[in-house]
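Letter by letter, the chains look like this.
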Amino acid sequence: SLPAKLINGGIAGLIGVTCVFPIDLAKTRLQNQQNGQRMYTSMSDCLIKTIRSEGYFGMYRGAAVNLTLVTPEKAIKLAANDFFRHHLSKDGKKLTLLREMLAGCGAGTCQVIVTTPMEMLKIQLQDAGRIAAQKKLMAAQAQLSSSSVVGAAEPAVETRTTAMQITRELLRSKGITGLYKGLGATLLRDVPFSIVYFPLFANLNKLGQKDPNVKAPFYVSFLSGCVAGSTAAVAVNPCDVIKTRLQSLQRGVNEDTYSGILDCTKKIWQKEGPMAFLKGAYCRALVIAPLFGIAQVVYFIGIAEFLLDMLPKHQA
């Protein structure tokens, strides 16, 4: 049933995000740093420096936004894919690869309603620590160079903002469109991702089914979700880099600003080289693999069906 699909998708998203959020934070910071202003050399370096400067919970900046909105996002994504697969199938016959891709396309298009504002807010909170650390480093260097000057300025203390403050400011200054900055880039990432992910997962999962009418074992669904998720994540990573840059409202010292997808692509290519489009690719693969592996296990086990079945009995 649709309520069960929505609940399963939501539970899957919550569990997955809680497990992999620090890696996602590292991905955002690695993608946003530009040549000449590099704060981090790798994912592990980013996480170590984050803990040292912001504490353990610094790795979870923006997690509240993700945990709040990932439930409707994953629910819409998984339920929409099932919806389109059902309506594209003919008399219960096996879907062709093209129809599976069309179903994935529909799911990716539907999810951006929630994904775009979620990513928009999450990125501001995740990257704030990097920008603050960069400013402190620049201030410290300036202070050292002018140490002979009496009354040298102290490094600025970071003023932390919340998701609600950012939301109110965007709505006040730009209206609802402010929360949907980078919508085109989000579509450019999520639609191809779903086109690759869902058919690949479905076909890998079928390999573990002994009978077409019996669900595959949970470990097959988990591994299928991991492989399909990481493959699709790496495939669309260039689009994710562009989306992250476009949705960042604040920039570090001497970092470029962008007017749109083409301008962002051109500047990254010219100033940072083609390899810059793969920034954070392994982080993204590490995030998406367990996230979708867990999501598919929860979704296919059907926790919600059990809960919904118990509800009438309890009421009775």
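Structure: see above.
Note that the structure is predicted; figures quoted are calculated from it, not measured.

Draft legend 1. Representation of the packing of helix α6 (residues 183–206) against helix α7 (residues 218–235) in the model. Running from amino to carboxyl end, α6 crosses α7 at an angle of 150°, the nearest separation of the two axes being 8 Å. Classified by the angle their axes make, α6 and α7 are roughly antiparallel. The handedness of the crossing between α6 and α7 comes out as right-handed. The residues of α7 that touch α6, namely those facing Phe 193, Val 196, Tyr 197, Leu 200, Phe 201, Leu 204 and Asn 205, are Val 220, Ser 221, Ser 224, Gly 225, Val 227, Ala 228, Gly 229, Thr 231, Ala 232 and Ala 233. Among the residues making up the contact of α6 with α7, the classes are represented as 11 nonpolar, six polar and no charged.

Draft legend 2. Geometry of the nonpolar core. Membership of the largest hydrophobic core comes to 39 residues, with the highest contact counts inside it found for Met 43, Phe 193 and Tyr 197. Going through the elements one at a time, α1 (2–32), α2 (43–54), α3 (63–88), α4 (97–145), α5 (163–174), α6, α7 and α10 (281–301) are the ones with two or more residues in this core. Looking at this core element by element, the count peaks at six residues for α1. Residues within four places of Tyr 197 in sequence aside, it is in contact with Gly 225, Ala 228, Gly 229, Ala 232, Phe 292 and Gln 296. Counting nine residues, the second largest nonpolar core, distinct from the first, contains Ala 185, Tyr 258, Ile 268 and Ala 276.

Draft legend 3. Just the packing of aromatic side chains, in detail. Within the structure shown, the criterion is met by eight aromatic pairs. Between the aromatic rings of Phe 21 and Tyr 60, the centroid separation amounts to 6.1 Å while the plane-to-plane angle is 15°, which identifies the pairing as stacked. Taken together, the positions of Phe 21 in helix α1 and Tyr 60 in the loop between α2 and α3 put the pair 39 residues apart, joining distant regions of the chain. Residue classification places Phe 21 among the buried positions, given a relative accessible area of 1%. Within the aromatic cluster, the residues linked to one another by ring pairs are Phe 21, Tyr 56, Phe 57 and Tyr 60.

Draft legend 4. Up close: the pattern of salt bridges. Here the structure, examined in full by the defined rule, presents 19 salt bridges. Residue Glu 119 is joined to Arg 189 by a salt bridge in which the shortest nitrogen-to-oxygen separation is 3.6 Å. Taken together, the residues span a long stretch of sequence, with Glu 119 in helix α4 and Arg 189 in helix α6 at a distance of 70 residues. The burial state of Glu 119 is the same as that of Arg 189; both residues are buried.

Procedures and definitions
Residues numbered from 1 in each chain as written. Predicted model: local features only at pLDDT ≥ 70, side-chain atom pairs only at ≥ 80, totals over all residues. Heavy atoms only, no water. Axes fitted to C-alpha atoms, helices over the stretch in contact; angles between N-to-C directions. Helix = DSSP H or I, 4+ residues; strand = E, 2+ residues; numbered from the N terminus. Parallel < 35°, antiparallel > 145°, perpendicular 65-115°, else oblique. Left-handed = near helix turned anticlockwise from the far one by under 90°. Contact = heavy atoms within 4.5 Å. Nonpolar A, V, L, I, M, F, W, Y, C, P; charged D, E, K, R; others polar. Core = buried A, V, L, I, M, F, W, Y, C linked by side-chain atoms within 4.5 Å. Buried < 20%, exposed > 50% of the residue type's maximum accessible area, 1.4 Å probe, protein only. Phe/Tyr/Trp six-rings, centres within 6.5 Å; stacked < 30°, edge-to-face > 60°. Salt bridge = Lys/Arg side-chain N within 4 Å of Asp/Glu carboxyl O.

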